[in-house]
Amino acid sequence: MVFDAGLGIIPAGRELLKTEVHELSLFFTHFHLDHCLGLNYLLPLYRPEFTVSFIGPAFGKGSLRKNLEFITDELVNPVGLKLFPCRKNYIDLQGSEVLVYCDGKARPYRRRRGFAARDRVVVRTMHNLRHSQLGVINYRVEFGGKALVLATDVEGDAELGYSPEVADFAAGADLLLLDGQFTAGEYASRRGWGHSTFEMACRTAERAGVKQLAVIHHDPGHTDKMLAAMEREARVIFRNTFFAREGKELEF
């Protein structure tokens, strides 16, 4: 399971080729370029033995497939979606679906009434409108009594000082990955841009009662030194906070 296709997906694809896994679920939160720039360089897409399930928002061009065709158009990419030799599945999301992986396969199935999700991977979705005009999809992944929530590119409520939608969606999660791009001072002139402050992220994590918070979507203008200072400030608000770093691995 891979979420979004920024440049970090390039080494992820290389690592995947070293394994015996030939099925991949690629989830998209939205289609802004910083979340899609690595897609055409994902090596499993060029391997016919791979099955790739593309899962993400249908809003935009009307379907997930049309959205992907748009961002991989031959005008801007040498190889478009239609030319990828892998086997392809498409699952459109509106933001209220519950997907369940079953029968040992990596293809998600929509939940049916009375379906027992015990010992299965469950992915819950939420359409969060606090980014841009179309909004984004937030994801909650549950397995074996553990839960991980990804909520990138969301802006907190400026009056409340946190994100009530994310707090409800992430309630009790073991790990919350949440947008915390700005400092409070930066946010004063960037309100409405669709990103939160790290203070908002911390207060959301506190409200949600999560075990651990990873602050993500760092501002490109922030140096490592600045991020380290922000991380120290964040831990004063919510102790179990860390700022995401490339290559970091977590074990549950």
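Residues numbered from 1 in each chain as written. Predicted model: local features only at pLDDT ≥ 70, side-chain atom pairs only at ≥ 80, totals over all residues. Heavy atoms only, no water.

A. Here's a closer look at the pattern of salt bridges. Scanning the entire structure with this criterion turns up 13 salt bridges. The closest approach of N and O atoms between Arg-124 and Glu-142, which form a salt bridge, is 3.0 Å. Linking Arg-124 in strand 7 (residues 121–128) with Glu-142 in strand 8 (residues 136–143), this pair joins segments that are 18 residues apart in sequence. For Arg-130, the salt bridge is made with Asp-157, and the minimal N-O distance between the two is 3.5 Å. With Arg-130 in the loop between strand 7 and strand 8 and Asp-157 in the loop between strand 9 (146–151) and helix 3 (164–169), this pair connects stretches of sequence that are 27 residues apart. Residue class for Arg-130 comes out partly exposed when judged on its relative accessible area of 26%. Sharing partners across several salt bridges, the network here consists of Arg-124, Arg-140 and Glu-142. (Salt bridge = Lys/Arg side-chain N within 4 Å of Asp/Glu carboxyl O. Helix = DSSP H or I, 4+ residues; strand = E, 2+ residues; numbered from the N terminus. Buried < 20%, exposed > 50% of the residue type's maximum accessible area, 1.4 Å probe, protein only.)

B. Spotlight on the pairing of strand 4 (residues 87–93). Here strand 3 (residues 51–57) runs beside strand 4; their pairing, made up of 7 bridges, is parallel. Paired with Val-52 across the bridge in strand 4 is Lys-88. Handedness of the crossover is the feature at issue here: the chain leaves strand 3, passes through helix 2 (residues 64–71), returns alongside strand 4, and the resulting connection is right-handed. (Pairing = 2+ DSSP bridges. Right-handed = clockwise from strand over helix to strand, strands pointing away.)

C. Expanded view of the layout of surface pockets. Space inside the largest pocket adds up to approximately 2,000 Å³. If you trace the largest pocket, you find 44 residues lining it, with Phe-3, Gly-8, Leu-177, Arg-245 and Lys-248 closest to the centre. Looking at the lining of the largest pocket, the elements with two or more residues in it are strand 1 (2–3), helix 1 (9–17), strand 8, strand 9, strand 10 (175–179) and strand 11 (213–216). Sorting elements by how many residues they give to the lining of the largest pocket places helix 1 first, with 5 residues. Split into classes, the residues belonging to the lining of the largest pocket amount to 27 nonpolar, 8 polar and 9 charged. Approximately 260 Å³ is the volume found for the second largest pocket. (1 Å grid on protein atoms, 1.4 Å probe; cavity = no way out; pocket = protein on both sides within 12 Å on 5 of 7 lines; lining within 4 Å. Points joined across faces, edges and corners; volume = space filled by probe spheres on them. Nonpolar A, V, L, I, M, F, W, Y, C, P; charged D, E, K, R; others polar.)

D. A look at the packing of aromatic side chains. Under the definition given, this model contains 8 aromatic pairs. With a centroid separation of 5.3 Å and 80° between ring planes, the pair formed by Tyr-46 and Phe-84 is classed as edge-to-face. With a gap of 38 residues between them, Tyr-46 in the loop between strand 2 (23–27) and strand 3 and Phe-84 in the loop between helix 2 and strand 4 connect regions that are remote in the sequence. Taking the relative accessible area as the measure of exposure, Phe-84 reaches 2% and is therefore buried. Ring pairs connect the aromatic residues Phe-3, Phe-27 and Tyr-139, which therefore count as one cluster. Residue placement shows Lys-61 over the ring face of Phe-70; its charged tip is 4.3 Å from the ring centre. (Phe/Tyr/Trp six-rings, centres within 6.5 Å; stacked < 30°, edge-to-face > 60°. Lys NZ or Arg CZ within 6 Å of the ring centre and 35° of its normal.)

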